[in-house]
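Working through the structure, step by step
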Amino acid sequence: MKRVIWMLYGIVLCAALGIAGRSLFREKHCAEETIDLCFEEGKTETAQIGGTYQLPRGVYRVTVDYKAGTTNHYIFASSEADSRKVGCDRLLLERAKERESFLVWVSGGVEDLRIMSEYAGVGDFSISHIALEETGLGIRHDLFITVLAALILFFLLKLGMRGFFDKERLIVLGGLFVITLLASIPLYFRGVYLGHDGGFHLNRLEGVWQGLASGQLPVRIQPNWLHGYGYAISVCYGDILLYIPAGLRMLGFPVQEAYEWFVFLVNGATAVISYICWNNMFKNKKAALFGSFLYTFSVYRLANVYTRSAVGEYCAMIFLPLVLYGFWSILGKESEGKKKNWLPLTIGFTGLLQTHLLSCEMAGLFCACVCLFMIRRVLRKENLQALCKAVAGTLLINAWFLVPFLDYMLRERMKINTEVLAGEPIQGLGVTPGQLFRVLSHGTGLPFITTMPGQERYPWSIGLGLQIVLIFGIIIWCRYKKEEAAARWSGIFLMLSALALICSTKYFPWDFLISSGFGFLASIQFPWRFLGIAVILLCTVACCGFCALDKVGMGKMAKRGAALISAAAVVSSGYMIKTYMDTAKIYEDYEQRDAPYEVANGEFMPSDVVFSEDAFHPVEPLAANMEIYDYEKRYNKVTIACRNMLDKENILQVPILLYRGYQAYDVNTKEKFPLLRTETGMTGIGLPAGYEGRLCMEFKEPLFWRLADCISAAALLTLLLWNKKSRCKLKELIYFR
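Treat the numbers as computed from the prediction; the structure is a model and nothing was measured.

Attention now goes to the pairing of strand β12 (residues 626-634). As paired elements, β12 and strand β13 (residues 637-644) share 8 bridges and run antiparallel to each other. Looking across to β13, one finds that Asp630 is bridged to Ala641. What sits between β12 and β13 in their antiparallel hairpin is a turn of 2 residues, with Tyr635 showing a positive phi close to 55°.

The full count for this structure, using the stated rule, is 33 aromatic pairs. Between Trp460 and Trp528 the ring centres are 6.4 Å apart and the planes differ by 55°, which places this aromatic pair in the tilted class. Highlighted residues: Trp460 in the loop between α18 (433-436) and α19 (464-480) and Trp528 in the loop between α21 (510-515) and α22 (531-551), separated in sequence by 68 residues. One exposure class covers both Trp460 and Trp528, and it is buried. Over the ring of Tyr74 we find Arg90; its NZ or CZ atom is 4.1 Å from the centre of that ring. The ring of Tyr237 carries Arg204 above its face, with NZ or CZ at 3.9 Å from the centroid.

Quick look at the pattern of salt bridges now. Under the definition given, this model contains 23 salt bridges. Measuring nitrogen to oxygen at the nearest pair gives 3.3 Å for the salt bridge that ties Arg114 to Asp112. Classification of Asp112 by relative accessible area gives buried; the value is 11%. Several salt bridges converge on common partners, so that one network encompasses Arg220, Glu701, Arg706 and Asp709.

A word on the environment of Ala213. Residue placement: Ala213 occurs in helix α4 (residues 198-213). Looking at Ala213, the relative accessible area reads 34%, which means it is partly exposed. The sequence separation of Ala213 and Val599 amounts to 386 residues, and the corresponding C-alpha distance is 21 Å. Apart from the residues within four sequence positions on either side, Ala213 is in contact with Met250 and Tyr635.

Moving on to the packing of helix α9 (residues 285-296) against helix α23 (residues 555-583). Running from N to C, α9 and α23 cross one another at 15°; their axes reach a closest spacing of 10 Å. The pairing of α9 with α23 is recorded here as roughly parallel in orientation. For α9 against α23, the interelement crossing comes out left-handed. Contact residues: Lys286, Phe290, Phe293 and Leu294 in α9; Lys559, Ala562, Ile565, Ser566, Ala569 and Val570 in α23. Broken down by class, the residue content of the contact of α9 with α23 amounts to 7 nonpolar, 1 polar and 2 charged.

Side chains of Leu17, Val147, Leu151 and Phe155 sit close together on the surface and give an oily, nonpolar patch of about 340 Å² of accessible area. It is helix α2 (residues 137-161) that provides the largest number of residues to the nonpolar patch, a total of 3 residues. Mapped onto the elements of the fold, Leu17 is located in helix α1 (residues 2-20). On the accessibility criterion, Leu17 (32% relative accessible area) is partly exposed.

Reading the values: the criteria
- Residues numbered from 1 in each chain as written.
- Predicted model: local features only at pLDDT ≥ 70, side-chain atom pairs only at ≥ 80, totals over all residues.
- Heavy atoms only, no water.
- Pairing = 2+ DSSP bridges.
- Helix = DSSP H or I, 4+ residues; strand = E, 2+ residues; numbered from the N terminus.
- Phe/Tyr/Trp six-rings, centres within 6.5 Å; stacked < 30°, edge-to-face > 60°.
- Buried < 20%, exposed > 50% of the residue type's maximum accessible area, 1.4 Å probe, protein only.
- Lys NZ or Arg CZ within 6 Å of the ring centre and 35° of its normal.
- Salt bridge = Lys/Arg side-chain N within 4 Å of Asp/Glu carboxyl O.
- Contact = heavy atoms within 4.5 Å.
- Axes fitted to C-alpha atoms, helices over the stretch in contact; angles between N-to-C directions.
- Parallel < 35°, antiparallel > 145°, perpendicular 65-115°, else oblique.
- Left-handed = near helix turned anticlockwise from the far one by under 90°.
- Nonpolar A, V, L, I, M, F, W, Y, C, P; charged D, E, K, R; others polar.
- Patch = residues over 30% accessible without salt bridge, like charges linked within 9 Å, V, L, I, M, F, W, Y side chains within 5 Å.
- Areas by Shrake-Rupley, 256 points an atom, 1.4 Å probe, with all protein chains shown as cover.

Put into structure tokens, the structure is as follows:
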């Protein structure tokens, strides 16, 4: 029987690979035309560029030569007969360029693909040449999906033949899969739903991909921002998880598809990791699955995923259960006398650092409160050693990120450390009790602009399900705290969740604390971010209550209560998702080429650069009394052959935003030139009198940054080797027992 199954598997795999790679056996499509298309000023017009193309499935690059007097005109691809089979961005043509290219995704054979131009009626605009060429991205995309599906099926068959999928595991894995599917409902439609910060985070995704393509590892300066001037967001904002969709971009996925797969994986990881943590804490699969559903399907988390598109925050929510489980493993009474497992706490805080520093800051504040509350347990030798190991492990593993981050925060004058952290009041941005305990919260609205219509509809609520948990948790604690340890723990988690809820409101004295010397708290920006902490704690209360009832012989009541709370959670979260999908706009985003200024508040921009009409606009070097022979810009690296015609120092301006780490030097002599930053964002290179030669400007990491990379690599390798030697294996954490 096994032989038959593997034979069928092989046949299906060969057929799938043949279908995915069929374009290898045909000639690639190419076309090229010289045209003379000019537009009459004062009249808006949409015109076809060149001929009509009949194309099979694939990804095609279109290149257009043009001249434009203003930056107001677009080019794009379309098909009247098969519009849903053609996908591309409407590309804005820069007036400073003369050639532009973009990609077109064709999901099936089309008979009438047209390249169109859209003239805004202002300034000169003409097109002289067009070329279309099939790329290898389409086959790369199809082969990757085929191979990935084949590998998943292979491992499922292997595990099934070894008897891994018993009844309990099937229930758990099936439940987690259903939770992931429910939390991902908005992903199943053409286009992508983008929330408030969607454009900003898609730029980050695209920036990681382009940073890797430029040769950076790890990525520090993302080259795609600000019309190619670059943005040091990777130094200040952890983006390790974005390497996943960035890898998909390299494999030919459009931005929207890469992002949607990423969100699906995040939803799945949240469900799985939260289940694993609660199962290890309470040794009760049903309670863990119940908590995983409440957490993954909570209103606040779904609002982060869809309404806000807060990638950093909803990625951080993957790791909050690990932080919780890590402290439980070290300080929990059930672990007294046992070897302390500090690994979950290290992994949890590493995940927070690498996804969302503000979530790490808030979790750190709550951990400090827990340590003060349980100071006697903290000071026990084995507990204190485990906590110190977790802190040391976290710092060493993340040195590659923390050292550059602290270097920029302390030595680079950016808006984040000169304006944002200046101690601005945040208390007024907290929520009210009415908003906090709203039963049905609309899926749209603005979370921070109080004067805008629709703001009151923003889904700040913890949802009906967790409101019931709050009530039942108090009842169970009062009734069973003397009989059952889980009920006593629910009291602790209730107290901490109440503190988190209070911190999220406008009644907590944030402004007083900020003005009293705790200015760093202003970085939190929005007090309602503490709802993420409250949600994880309330879900833990739900698990505690379920276990307490189960252990006192009231298992049926625990199941009925879980069903009631789950139904209530579905009502609140389902309403939130439905209203969001009914009112939110669906975007078609393939290359993220039309949002060069999507930098949110520009927190990581140099403080002496201001946005203006000319800021970040010149895309070629500027200089007076200087002759430029050759110019090449590839990502964050500029190479220029030039001659200074003055008998004194002259300034050559290049289209790169200057940060610490950039160097300009002569290619042959290696002589270094001084750099300065202009108000419009360009970098000025000081060239000596009469200089003639070829110079290069590029970003080079300082030596101590590279040393921090080595420390992190060594720490991670040591941890893995120690983990294997000590038999405290990771599979003990993730095994579905």
